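# A look at the structure
Residue strings, one per chain:
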Amino acid sequence: QVEVTFDVSADGILSVSAVEKSTGKAEEIKITNDKGRLSDAEIEAMLADAEKYKAEDEANRIRVEAKNALENYAYGLKSSLADEGEQGLASKLSTADKDAVTAKLNEIMAWCDANINAEKGEYEQKQGELEEFVSPILQQAAAGGGGGGAGAPGGVPSASTAAPPAGVPDEASPIEEID
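First, a word on scope: everything that follows refers to the structure included in this document. (Residues numbered from 1 in each chain as written. Predicted model: local features only at pLDDT ≥ 70, side-chain atom pairs only at ≥ 80, totals over all residues. Heavy atoms only, no water.)

This part takes up the overall build of the chain. The secondary structure content of the chain amounts to four helices and three strands. Shown N-terminal to C-terminal, the secondary structure of the chain runs as helices and strands in the order β-β-β-α-α-α-α. Of all 179 residues assigned to the chain, the portion counted as buried reaches 19%. Sequence separation of at least 24 residues holds for 43% of the intrachain contacts in the chain that already meet a minimum separation of 6. In the structure as shown, the chain presents an accessible area of about 13000 Å², 53% of it carried by carbon and sulfur atoms. (Helix = DSSP H or I, 4+ residues; strand = E, 2+ residues; numbered from the N terminus. Buried < 20%, exposed > 50% of the residue type's maximum accessible area, 1.4 Å probe, protein only. Contact = heavy atoms within 4.5 Å. Areas by Shrake-Rupley, 256 points an atom, 1.4 Å probe, with all protein chains shown as cover.)

What follows is the structure, encoded as structure tokens:
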């Protein structure tokens, strides 16, 4: 009597073993199917290519993250400008400020569309440019100065609300000297 065992591994290798019960003699054979499989050299070449392109992929990922950050900031700002509610940003800005911010947003978004392969630094520079442009306007709105309130057009404080020039004492607030 002979006991035969078949075993297929995850790699597709068939192992056949046979044991003759009366004598205890055992034999084993492994059958592989290399047809249609990658050779070791092909696998090594693929791994080398993956390593070679790893740095390029990382650079692309960083570039795309910078682009997404700029676009998210711009679209978020555009969405806030569209909020006409009582607490919305649009209600706190003058028409001139809204128009200026909208024009800058359109300029930045057009630049993004025209420069889809720009580098990370270029996207960061454009985001910095946009933030630098809108920051004074948003600070004025947060302080409640927008919508035709305090300040001259363009977000410049009027003479009555401006701080006195450096070196000129403000008569309304006395300064105590302590030795």
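The strand order E1-E2-E3 describes an open sheet built from three strands, whose pairing is antiparallel. Edge strands, defined here as strands with exactly one partner in the open sheet, are strand E1 (2-8) and strand E3 (26-31). Across the sheet, the axes of successive neighbouring strands diverge by a mean angle of 15°, strand direction being ignored. As defined by bridge partners, E1 adjoins strand E2 (residues 14-20) across seven bridges and the pair is classed as antiparallel. Within E2, the residue paired with Asp7 across the bridge is Ser15. (Pairing = 2+ DSSP bridges. Axes fitted to C-alpha atoms, helices over the stretch in contact; angles between N-to-C directions.)

One finds Val101, Leu105 and Tyr123 to be the most contacted residues of the largest nonpolar core, which totals 19 residues. Of all the secondary structure elements, the ones that give two or more residues to this core are helix H1 (40-82), helix H3 (95-114) and helix H4 (120-142). Sort the elements by how many residues they give to this core and H3 lands first, with six residues. (Core = buried A, V, L, I, M, F, W, Y, C linked by side-chain atoms within 4.5 Å.)

Next up on the list: the packing of aromatic side chains. By the definition in use, this model includes one aromatic pair. Ring centres of Trp111 and Tyr123 lie 5.6 Å apart, and the angle between their planes is 80°; on these two criteria the pair is classed as edge-to-face. In this pair, Trp111 sits in helix H3 while Tyr123 sits in helix H4, placing the two residues 12 residues apart along the sequence. According to the relative accessible area criterion, Trp111 is buried, its value standing at 18%. For Tyr123, a relative accessible area of 0% corresponds to the buried category. (Phe/Tyr/Trp six-rings, centres within 6.5 Å; stacked < 30°, edge-to-face > 60°.)

Attention now moves to the packing of H1 against H3. In contact at an axis separation of 10 Å, H1 and H3 are set at 150° when each is read in the N-to-C sense. As judged from the angle between their axes, H1 and H3 are roughly antiparallel. The interaxial crossing formed by H1 with H3 has left-handed handedness. Between H1, through Leu70, Glu71, Ala74, Tyr75, Leu77, Lys78 and Leu81, and H3, the contact on the second element is made entirely by Lys98, Val101, Thr102, Leu105, Asn106, Ile108, Met109, Trp111 and Cys112. For the contact of H1 with H3, a count of residues per class yields 11 nonpolar, two polar and three charged. (Parallel < 35°, antiparallel > 145°, perpendicular 65-115°, else oblique. Left-handed = near helix turned anticlockwise from the far one by under 90°. Nonpolar A, V, L, I, M, F, W, Y, C, P; charged D, E, K, R; others polar.)

Before going further, it helps to spend a moment on H1. When the terminal C-alpha atoms of H1 are compared, their 60 Å separation across 43 residues agrees well with the 63 Å that a helix rising 1.5 Å per residue should span. Of all bends in H1, the biggest is about 35°, found at Lys54. Of the positions making up H1, those classed as buried are Arg63, Ala66, Lys67, Leu70, Ala74, Leu77 and Leu81. (Expected span 1.5 Å × (residues − 1). Bend = angle between axes of the 7 residues up to and from the residue.)

With that out of the way, let us pick up the environment of Ala143. Structurally, the position occupied by Ala143 is in the segment after H4. Among the residues examined, Ala143 registers a relative accessible area of 69% and is labelled exposed. The spacing of Ala143 and Lys92 is 51 residues in sequence and 9.3 Å in space, taken between C-alpha atoms.

Just distances and angles here, no functional claims.
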